[in-house]
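# Structural characterization, general
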Amino acid sequence: MFIFATMKHFAFLKQLFCCAALASASMASHGQTYRYNTKFTVQASRFVETIPIEMVDHQIFVTVTIYGRPYRMLLDTGSGQGIAYTNGSLPFKRVLGKIDSYDANGKMSKTDVVEFPEFRLGNITIRGYPGSLLNSHVSHKDYDAVLGFDLFNKGLSAKIDVRQGVMVLTDLPKYFDQELGMPLKYRLVRWVPNVKVSPYPGCEDEARFDTGSRRLYVMSGESRRRFSNLFPDFNTQVEGVGYGNRAIGSFGVEQPDETAFLWLDALEWGGFSFLDYHTMTTQGTSRIGSEIFDYGSIIIKPKQKVLVFQPYDEAMSTMVSNEQMSIAFVPKEGRASVGLVFEGGRHYQCGFRQGDIILSISGTPILSFQQFLSYPFFKEQEYEFTVRGTDGTIRTIKSMR
């Protein structure tokens, strides 16, 4: 899953204050190359199981049972396998080996792989499930561990319907064949699904389907440069360019770089159009994230390697008309820092600048990034930020959430 990242184990894109986003290791997206036995088992056959899910802040959660106790897991299709945390609450049985793991920013590190204890997902028992063991860069107090796309690579089909609050999971390969919708073939890249979407006429972008990432769509900087070279008119979709960083991956914050703020006329998914959409570029891969569930459900058909988008109504398009991301915060030497700010946005107009360190909010000292994340912001309420700029000067900024 930026403050933007996808799990890869991402890193998620967790939106914070205003339009800030976070990507962390379960908020991070991980691509993985297996170097050990990952043959977990599903102790059921010819089943159709309806499993309750919940969507919170554009993250999908399921509850599993381990040793009679419930554990909350993030469902992250951008992660090739599960994730557990060294400082987390999920018990694990044993270390299986090492893996080359890539986060949302493309950084690679060798990580331990552990075996999850036997757990029940609905009425299904899963044994021997593997997961990367990661240190937590941001707080994961909302969940205990991560379920990755290997659940579906096992051959299980699923329909994720956030509006109904359920995931229908089955081992019957043709169960969803009569369902209508907008299908896209996917290919597996580091064990996670990638589909081809069109952000502009004539432009085809391969994007990771990543429910660990929050935004409907973010475009890789490489894709943006390619489209600008091939189609000069594509630059009409760029409303601004900034420099900074906004993504926290499993292995740290991305390096500062150019970010383009995009205002797309339409994003096309196999005949369906998301109109009037603000987004931005990322240093990682392009991604389709969990905001897509605001507009429809998704069917995953691993035997055919197909994702089917089912709009909630019968229209062939929807008007998004969202607000552009205005500011993103990242950790810097343990403190909360402005990693990126859009010059055309209200936070820049209020006085925020790239590199500002947050010292206090409305009189409350902010001594760490974690403290900043846990600050109780309320919508439409004005706050007074005391910041230290890159030149060392102290300023006070009044801004709404």
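Reading the values: rules and limits
Residues numbered from 1 in each chain as written. Predicted model: local features only at pLDDT ≥ 70, side-chain atom pairs only at ≥ 80, totals over all residues. Heavy atoms only, no water. Helix = DSSP H or I, 4+ residues; strand = E, 2+ residues; numbered from the N terminus. Buried < 20%, exposed > 50% of the residue type's maximum accessible area, 1.4 Å probe, protein only. Areas by Shrake-Rupley, 256 points an atom, 1.4 Å probe, with all protein chains shown as cover. Contact = heavy atoms within 4.5 Å. Salt bridge = Lys/Arg side-chain N within 4 Å of Asp/Glu carboxyl O. pLDDT = per-residue confidence, 0-100. Core = buried A, V, L, I, M, F, W, Y, C linked by side-chain atoms within 4.5 Å. Phe/Tyr/Trp six-rings, centres within 6.5 Å; stacked < 30°, edge-to-face > 60°. Lys NZ or Arg CZ within 6 Å of the ring centre and 35° of its normal. Arc of directions from axis to C-beta. Pairing = 2+ DSSP bridges.

### Focus: the overall build of the protein
- If you tally the helices and strands in the protein, you get four helices and 36 strands.
- Residues classed as buried in the protein amount to 59% of the 401 residues present.
- Here the protein displays about 15,900 Å² of accessible surface, and carbon together with sulfur accounts for 48% of that area.

### Concerning the environment of valine 48
- Here valine 48 is to be found in strand 5 (residues 48–56).
- The class of valine 48 is partly exposed, set by a relative accessible area of 36%.
- With 108 residues separating them in the primary sequence, valine 48 and leucine 156 have C-alpha atoms 10.0 Å apart.
- Excluding its chain neighbours within four sequence positions, the residues that come into contact with valine 48 are Val168, Leu169, Thr170, Leu172 and Tyr175.

### As for unusual backbone geometry
- Located in the positive-phi region is tryptophan 191, a residue other than glycine, with phi close to 75°.
- Tracing the backbone shows tryptophan 191 in the loop between strand 18 (187–189) and strand 19 (192–200).

### A look at the pattern of salt bridges
- Scanning the model with the defined rule gives 14 salt bridges in all.
- Taking the shortest distance from any N to any O, the salt bridge between glutamate 115 and arginine 94 comes out at 2.8 Å. Highlighted residues: glutamate 115 in strand 10 (residues 108–115) and arginine 94 in strand 9 (residues 94–102), separated in sequence by 21 residues.
- By relative accessible area, glutamate 115 is classed as buried at 8%.

### Thoughts on the confidence of the model for the protein
- Summary statistics for the protein give a mean pLDDT of 86 and a share of 84% for residues scoring 70 or more.
- Across residues 1–36 the pLDDT falls below 50, and counting only partners more than four positions away or on other chains, this stretch makes 282 contacts in the model.

### Quick notes on the nonpolar core
- Of all hydrophobic cores here, the largest spans 64 residues; its most connected members are Tyr217, Trp269, Phe274 and Ile292.
- At five residues, strand 25 (residues 257–269) tops the list of elements feeding residues into this core.
- Residues contacting tyrosine 217, with those up to four places away along its chain left out, are Val197, Pro199, Asp205, Ala207, Leu264, Leu267, Tyr277, Thr279, Ser286, Arg287 and Ile288.
- In this structure, Phe369, Tyr375, Phe377 and Tyr383 belong to the second largest nonpolar core, which totals 18 residues.

### Some words on the environment of threonine 50
- Positionally, threonine 50 belongs in strand 5.
- Classification of threonine 50 by relative accessible area gives partly exposed; the value is 48%.
- Leave out the neighbours within four places in its chain, and threonine 50 touches Val166, Met167 and Val168.

### Considering the environment of phenylalanine 92
- For phenylalanine 92, the location among the structural elements is in the loop between strand 8 (82–85) and strand 9.
- Counting along the chain gives 39 residues from phenylalanine 92 to glycine 131, while the straight-line C-alpha distance between them is 9.2 Å.
- Discounting chain neighbours no more than four positions away, the residues touching phenylalanine 92 are Val114, Glu115, Pro117 and Leu133.

### Here we look at the packing of aromatic side chains
- In the structure shown here, the tally under the stated rule is 25 aromatic pairs.
- Aromatic pair phenylalanine 149 and tyrosine 186: ring centres 5.9 Å apart, planes at 85°, arrangement edge-to-face. With a gap of 37 residues between them, phenylalanine 149 in the loop between strand 14 (145–147) and helix 1 (150–153) and tyrosine 186 in the loop between strand 17 (182–185) and strand 18 connect regions that are remote in the sequence.
- Residue phenylalanine 149 is classed as buried on the basis of its relative accessible area, which comes to 0%.
- You can call tyrosine 186 buried: its relative accessible area is 5%.
- Its end group placed over the ring of phenylalanine 61, arginine 72 keeps NZ or CZ at 3.9 Å from the ring centre.
- Between lysine 154 and the ring centre of phenylalanine 40, over which it is positioned, the NZ or CZ distance is 4.7 Å.

### As for helix 2 (residues 221–230)
- Taken together, the buried positions of helix 2 are Gly221, Ser223, Arg224, Phe227 and Ser228. For helix 2, the arc enclosing every buried residue in end-on projection is 160°, short of the 170-degree limit, so these residues lie on one face. Of the exposed residues in helix 2, the ones pointing more than 90 degrees away from its buried face are Glu222, Asn229 and Leu230.
- Taken together, the buried residues of helix 2 touch strand 19, strand 20 (203–209), strand 21 (217–220), strand 22 (238–244), strand 25 and strand 26 (272–282).

### Focus: the pairing of strand 29 (residues 306–311)
- Among the six residues that make up strand 29, six are buried, leaving the element largely enclosed by the rest of the structure.
- Along strand 29, one buried face is formed by Val306, Val308 and Gln310 and the opposite face, lined by Leu307, Phe309 and Pro311, is buried too.
- Of the strand pairs in this sheet, strand 17 and strand 29 are connected by four bridges, and their pairing is antiparallel. For methionine 182, the partnering residue across the bridge sits in strand 29 and is phenylalanine 309.
- Note: strand 28 (residues 296–301) against strand 29, six bridges, orientation antiparallel. Residue pairing for strand 29: isoleucine 299 is matched across the bridge by valine 308.

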